[in-house]
Amino acid sequence: MKKFFYDATKKNADIYWCLNNAIKCIIATKTSSSIGRIVIISPVKSTCALVSDYLLSHGYGNTHGAYQLLGDTTNIVLESQRTYYNFRTDAVIYFLLDSKEIFSIEENHSFAVEFAITDNNNISLWYGTWGAHEMISNTTAQLLMPPSKVQSACDQITGACNITHTITFHPSDEELVKRILRTLVKFENPPVKTEEIFAYTIRECGWTLGLSNKLVQWLENLNTGKAIKGGKITATKMKEMYAKW
C-alpha cells in the first residue's frame, strides 16, 4: 500500500507534528521505494509559507528552495496546487487538501507514495476510495464498495461506453448511463450511495474524474426526486436489465 493519512482530530494531534512524522516515515523507507524527492502540496502559497516557517524552526535547512532534514540528503520542496509539477518518483504529502483537490492532482499523475494530512478538511472519500492507512490509530480505512448489482451496472457502462481520456459521455452513451441509473434507483433499496459508486468507478473501472462526477450528479438528482433529461426506459425493460446484473 502506498497511500497513508494522518487525521489530526485523533488524539488531538497537531497538524505539524503529523507533517513531521510523515516526512520521517518517507525518509525511513526511501531507499526501498525509489523516492526522488518529497513534495508538500498545500492549498495556496500562503500555507506553503507557514510550512516553510515550521520546517526552518525545526531543524530543516533550506538551500535554493529545497529543504533537508539535518543529517539527510532528501530534497523536500513546497508547492501549491497551482504550482506543482510532477515527477514519477515524487513522494507527495497533501497538506490540508480535501478529497476533491487530491483527486484532481492524482488524475494525471502517479507517485511513489502518498500521505494526506487533515484536521477539519474532509478526505473521507479519498481514503475510502483507496483504503488508505491511518497512521495515528494504525488502522486501514474501510474500502468504499457498492452492492454487487451496482458493481455489475458500473461494469456494463465501462464495457459499453468510451471512458478513456474523456470528461463527458458521448450522447449515445449518456442515454445508456441514465437508463442504468434509473433502473438502480428503482430497484436498489436502500438507495445507491454516491460515494460508493464514485469510488468503484475511479478505483475498479478506471474512469476519469469528470465521468465519475457526472455519474454522481445524475444519481444525486434521481435519489432526491429531481428530474434528469433523457434515459427514459419502461418498467419492463428496467426489470429485465436489473435481472441480468
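Everything in this summary refers to the structure shown in the same document.

Thresholds, definitions, all that
- Residues numbered from 1 in each chain as written.
- Predicted model: local features only at pLDDT ≥ 70, side-chain atom pairs only at ≥ 80, totals over all residues.
- Heavy atoms only, no water.
- Core = buried A, V, L, I, M, F, W, Y, C linked by side-chain atoms within 4.5 Å.
- Buried < 20%, exposed > 50% of the residue type's maximum accessible area, 1.4 Å probe, protein only.
- Helix = DSSP H or I, 4+ residues; strand = E, 2+ residues; numbered from the N terminus.
- Contact = heavy atoms within 4.5 Å.
- Disulfide = S-S within 2.5 Å.
- Pairing = 2+ DSSP bridges.
- Phe/Tyr/Trp six-rings, centres within 6.5 Å; stacked < 30°, edge-to-face > 60°.
- Lys NZ or Arg CZ within 6 Å of the ring centre and 35° of its normal.

### A word on the nonpolar core
Then comes step 1: Counting residues in each nonpolar core, the largest one holds 50 residues, and the members touching the most others are Tyr94, Trp126, Leu181 and Ile197.
Then comes step 2: Those elements that place two or more of their residues in this core are β2 (37-42), β6 (90-95), α3 (99-106), α5 (148-160), α6 (171-187), α7 (194-203), α8 (209-223) and α9 (235-244).
Then comes step 3: Ranked by the residues each element gives to this core, the list is headed by α8, at 7 residues.
Then comes step 4: Those residues in contact with Leu181 that sit more than four places away from it in its chain are Ile197, Leu215, Trp218, Leu219 and Leu222.
Then comes step 5: Of all hydrophobic cores here, the second largest spans 30 residues; its members include Ile23, Cys48, Leu69 and Phe115.

### A closer look at the environment of Gly65
Then comes step 1: Position of Gly65 relative to the elements: it lies in the loop between β3 (60-63) and β4 (66-69).
Then comes step 2: What makes Gly65 partly exposed here is its relative accessible area of 41%.
Then comes step 3: In this structure the C-alpha to C-alpha distance between Gly65 and Asn221, which are 156 residues apart in sequence, comes to 47 Å.
Then comes step 4: Dropping the residues within four chain positions of it, Gly65 is found in contact with Ile76 and Val77.

### Section: the state of the cysteines
Then comes step 1: Scanning the model with the defined rule gives 0 disulfides in all.
Then comes step 2: Just so you know, Cys18 is unpaired, no disulfide at all, and the nearest cysteine sulfur is the one on Cys25, 11 Å from it.
Then comes step 3: In this structure Cys154 is not part of a disulfide, and its nearest cysteine sulfur, from Cys205, lies 5.6 Å away.

### Considerations on the pairing of strand β5 (residues 76-80)
Then comes step 1: Among the 5 residues of β5, 5 are classified as buried, and the element is accordingly described as predominantly covered.
Then comes step 2: Burial along β5 is two-sided: Ile76, Leu78 and Ser80 facing one way and Val77 and Glu79 facing the other are all buried.
Then comes step 3: Sheet analysis places β2 next to β5, joined by 5 bridges and oriented parallel. Bridge assignment links Ile38 to a residue of β5, and that residue is Ile76.

### Points about the packing of aromatic side chains
Then comes step 1: For the structure on display, the rule yields 13 aromatic pairs.
Then comes step 2: Between Tyr16 and Phe95, the ring centres sit 5.5 Å apart and the planes meet at 45 degrees, which makes this aromatic pair tilted. With Tyr16 in helix α1 (residues 15-33) and Phe95 in strand β6, this pair connects stretches of sequence that are 79 residues apart. The pair formed by Tyr16 and Phe95 is uniform in burial state, with each residue classed as buried.
Then comes step 3: Ring centres of Tyr94 and Trp126 lie 6.2 Å apart, and the angle between their planes is 75 degrees; on these two criteria the pair is classed as edge-to-face. In this pair, Tyr94 sits in strand β6 while Trp126 sits in helix α4 (residues 124-130), placing the two residues 32 residues apart along the sequence.
Then comes step 4: Classification of Tyr94 by relative accessible area gives buried; the value is 0%.
Then comes step 5: Of the aromatic side chains, those joined through ring pairs into one cluster are Phe4, Tyr6, Trp17 and Phe115.
Then comes step 6: Against the face of Trp130 rests Lys3, its NZ or CZ located 4.6 Å from the ring centre.
Then comes step 7: Lying over the aromatic face of Tyr242, Lys149 brings its terminal NZ or CZ to 4.7 Å of the ring centre.

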